[in-house]
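# Coordinate inspection notes
Residues per chain, in single letters:
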Amino acid sequence: MTIFGLLNSAIDAGGIAGIAIATAVVGALIGFFVFKSYSMNKIGNAKREAARIIEEANLEAKTIRKDGLIEAKEQMNRMRDDFEKETKERKQDWQRTENRLAQKESALDKKEDLIDKKSATLDRKIEDAERVQKQNEETKERLKGIEDELSHSKEIMQKELERVSGMTKEDAAAELKSALLEGVKKDAAQDAKAIIAESKENAQKEARNIISQAIQRCAADHATENTVSVVALPNDEMKGRIIGRMGRNIRALESATGVDLIIDDTPDVITLSSFDPVRREVARLTLEKLITDGRIHPARIEEMVDKVRREVEAGIKEAGEEAAFEVGVHGLHPEIIKILGRLKYRTSYGQNVLKHSIEVASLASIMASEMGIDPRIARRAGLLHDIGKAVDHELEGTHIQLGVEIAKKYRENGDVIHAIAAHHNDIEPTTIDAVIVQAADAISSARPGARRESLENYVKRIEKLEEIAKSFDGVDQTFAVQAGREIRVMVKPERVNDANTVFLAKEIAEKLENELEYPGQIKVNVIREVRSVEYAK
């Protein structure tokens, strides 16, 4: 049935009321269809929007997944590189450890071979000693039999001589002694003279042997202490840059400075080794400047070495001029001033030689002034007395001989030259200035703290000092103070009286002089203390 059919039926059925009903029905149907159409359009739009959102989400998910994969791969690559680097470093550490172990095993094998050889030698010596002992016992048995026979024969001969001579044994002995006394004295004097000469010769040989052994034992530590400088590096990577490709940088450094560069397993450190302290200082300053600058190649190395060498030479001249000005010595030759400045880089038993020379000049000047003589010669000789030490590693001869040659070359005063030559008693001092320089040199060298000794030797000397002082009867406690310059001895008051403390101090001092080696002098202070204690109740 159509809409128009319904309208017709409504009109036929009831007039206006029917028309209204029919209109309402038609409107409802139209609204339903319009609403249905609108809903369908909205649903379609919603579906299309949802499809678009889903598609964008899928694209974004794909992008995120791709970025995550890339980041994961990069992380994995970094972890793999770190692992390979760590593995390489550990392999290098293991290799170094294996090398050190191999060296130690080789050293142990050598020691075992040496012990075996010594053991075999000792066994042979024991066998020889046993054989000699057996022969000695047999010889003793034979000698005993011969002595018995001689004793018996002596008794018979003595009785016969007494009968023939009509003299007793005592009378004959007295006459024989008086007859032989002069001859014996003469022979004894000649023998004593020969023995003394032989003893002196043997003593000189033995002294040379002992000194050579002492030098041999101390040479390594002394060389290490006085011929090596250490340069700190910011990191181990700098070692490779200093070595350079195929070692070209380190060869250029060694060639330009004349110093050996030692690069070992010690982290962040390079060792410089040379007997020439000035060259070693040039190399040290050059290396520090190159590390700071960062440009390390052969041309830059040569340029920096020349620059540093000029700076060091200027500093040497300035140090010599300052030393001469400080002690008031004027008119020195410019070359002597340069040589004097080189002593800034020279040490003797840990004491800087330039400062030592300034001390000696000042002390000599003071002593000369106190004695009422002109201090200028003593001051000048004191400043120059060790100038030979500035070149003793370059030229042949002792520092005294070299110092005399330098002073003569630059026309120094004759008294100054004599004081330089005599300050270690190589020749007998004949002037008061030479004696003053000797005394000033001894004072500067022996003052506490001027020269350092190894901790081990210092501890042994202190222990020996206290041990010697405590070995005397009546000593209770001993204390070495002032770095071994004084020994304080506490005695037991009931066993040592006040008068005996004087003799005890003298005896301890004499024993220290005979048995102990020490710089300067040691004060022996014997203390006796009596305490009376009572309580008031």
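Residues numbered from 1 in each chain as written. Predicted model: local features only at pLDDT ≥ 70, side-chain atom pairs only at ≥ 80, totals over all residues. Heavy atoms only, no water.

## Let's talk about the overall build of the protein
A tally of helices and strands in the protein yields 15 helices and eight strands. Within the span of the protein, comprising 537 residues, buried residues form 27% of the whole. As displayed, the protein has an accessible area near 37800 Å², and 55% of this comes from carbon and sulfur atoms. (Helix = DSSP H or I, 4+ residues; strand = E, 2+ residues; numbered from the N terminus. Buried < 20%, exposed > 50% of the residue type's maximum accessible area, 1.4 Å probe, protein only. Areas by Shrake-Rupley, 256 points an atom, 1.4 Å probe, with all protein chains shown as cover.)

## A few points about the environment of Ser-229
Topologically, Ser-229 is positioned in strand E1 (residues 228-232). Taking the C-alpha atoms as reference points, Ser-229 and Ile-270, 41 residues apart in sequence, are found 8.6 Å from one another. When residues no more than four places from it in sequence are discounted, the contact partners of Ser-229 are Ile-270, Thr-271, Leu-272, Arg-280 and Arg-284. (Contact = heavy atoms within 4.5 Å.)

## A short note on the nonpolar core
Within the largest apolar cluster, 34 residues are counted, with the highest numbers of intra-cluster contacts made by Leu-332, Ile-336, Leu-340, Leu-354, Leu-383, Leu-384 and Ile-406. Among the secondary structure elements, those contributing two or more residues to this core are helix H7 (298-327), helix H8 (334-342), helix H9 (353-370), helix H10 (375-384), helix H11 (399-409), helix H12 (414-422) and helix H13 (432-446). For this core, the element with the highest residue contribution is H12, accounting for six residues. With 25 residues, the next largest nonpolar core counts Val-231, Met-238, Met-304 and Val-305 among its residues. (Core = buried A, V, L, I, M, F, W, Y, C linked by side-chain atoms within 4.5 Å.)

## Section: H10
Of all ten residues that make up H10, eight are buried, and the element is covered over most of its length. Looking only at H10, the buried set comprises Pro-375, Ala-378, Arg-379, Arg-380, Ala-381, Gly-382, Leu-383 and Leu-384.

## Notes on the confidence of the model for the protein
Per-residue pLDDT for the protein has a mean of 79; in total, 83% of the residues score no lower than 70. Element-level mean pLDDT values for the protein span from 52 in helix H1 (residues 3-14) up to 91 in H12. Confidence drops under pLDDT 50 across residues 214-225; counting only partners more than four residues distant or on other chains, this segment forms two contacts. (pLDDT = per-residue confidence, 0-100.)

## Remarks on the packing of H11 against H12
Where H11 meets H12, the axes come as close as 8 Å, and the angle between the chain directions of the two elements is 170 degrees. By the angle between their directions, the pair H11 and H12 is classed as roughly antiparallel. In this structure, H11 contributes Ile-400, Gly-403, Val-404, Ala-407 and Lys-408 to the contact, and H12 contributes Ile-417, Ile-420 and Ala-421. Of the residues in the contact of H11 with H12, the class split is six nonpolar, one polar and one charged. (Axes fitted to C-alpha atoms, helices over the stretch in contact; angles between N-to-C directions. Parallel < 35°, antiparallel > 145°, perpendicular 65-115°, else oblique. Nonpolar A, V, L, I, M, F, W, Y, C, P; charged D, E, K, R; others polar.)

## Regarding the sheet that holds strand E3 (residues 269-273)
Read from one edge to the other, the open sheet built from three strands follows the order E1-E3-E2, with strand pairing classed as antiparallel. Two strands close off the open sheet at either side, each with one partner strand: E1 and strand E2 (260-262). Recorded for the sheet is a direction-independent mean angle of 25 degrees between the axes of neighbouring strands. Sheet analysis places E1 next to E3, joined by five bridges and oriented antiparallel. In the strand pairing of E3, Ser-229 is matched with Leu-272. Seen against the sheet, helix H6 (residues 277-293) touches E1 and E3 and runs at an angle of roughly 5 degrees to E1. (Pairing = 2+ DSSP bridges.)

## Notes on the side chain of Glu-412
Examined against the element boundaries, Glu-412 turns out to sit in the loop between H11 and H12. Here Glu-412 falls in the buried class, since its relative accessible area comes to 10%. Leaving out residues up to four positions away in the same chain, Glu-412 has contacts with Leu-332, Ile-336, Arg-380, Leu-384, Ala-407 and Ile-417.

## Some remarks on unusual backbone geometry
The phi torsion at Met-246 lies on the positive side, around 55 degrees, for a residue other than glycine. Within the element layout of this structure, Met-246 appears in the loop between helix H4 (237-243) and helix H5 (248-257). Classification of Met-246 as exposed rests on a relative accessible area of 73%.

## Let's talk about the packing of H7 against H9
Here H7 crosses H9 at 20 degrees, and the two axes come no closer than 10 Å. The angle between the axes of H7 and H9 places the two elements in the roughly parallel class. The hand of the H7/H9 crossing is right-handed. Here Ala-319, Ala-323, Glu-326 and Val-327 of H7 lie close against H9, whose contacting residues are Leu-354, Ile-358, Ala-361 and Ser-362. In terms of residue class, the contact of H7 with H9 is made up of six nonpolar, one polar and one charged. (Left-handed = near helix turned anticlockwise from the far one by under 90°.)

## Considering a negative patch on the surface
Taken together, the side chains of Glu-105, Asp-109, Glu-112, Asp-113 and Asp-116 present a region of like negative charge at the surface. Relative to the helices and strands, Asp-109 is located in helix H2 (residues 16-165). On the basis of relative accessible area, Asp-109 is assigned to the partly exposed category, the value being 43%. (Patch = residues over 30% accessible without salt bridge, like charges linked within 9 Å, V, L, I, M, F, W, Y side chains within 5 Å. Salt bridge = Lys/Arg side-chain N within 4 Å of Asp/Glu carboxyl O. Lys, Arg positive; Asp, Glu negative; His and termini not counted. Charge placed at Lys NZ, Arg CZ, Asp CG, Glu CD.)

## Let's talk about the sheet that holds strand E6 (residues 475-481)
Spatial strand order, E6-E7-E8: three strands in an open sheet with mixed pairing. Every interior strand has two partners, whereas the edge strands, E6 and strand E8 (523-527), have only one. The sheet shows a mean angle of 20 degrees between the axes of neighbouring strands, direction not considered. Note that strand E7 (residues 486-491) and E8 share five bridges and pair parallel. Bridged to Arg-488 within E8 is Asn-525. Contacts from helix H15 (residues 498-515) reach E6, E7 and E8 within the one sheet, and its direction differs from that of E8 by about 150 degrees.

## Things to note about the pattern of salt bridges
A complete count under the given rule lists 18 salt bridges for this structure. In this structure, the salt-bridge partner of Glu-86 is Arg-90, at a minimum N-O distance of 2.7 Å. Of this pair, Glu-86 and Arg-90 are both found in helix H2, four residues apart, which corresponds to roughly one turn of the helix. Classification of Arg-90 by relative accessible area gives partly exposed; the value is 46%. Asp-293 is the salt-bridge partner of Arg-300, the closest N and O atoms lying 3.3 Å from each other. A relative accessible area of 31% means that Asp-293 is categorised as partly exposed.

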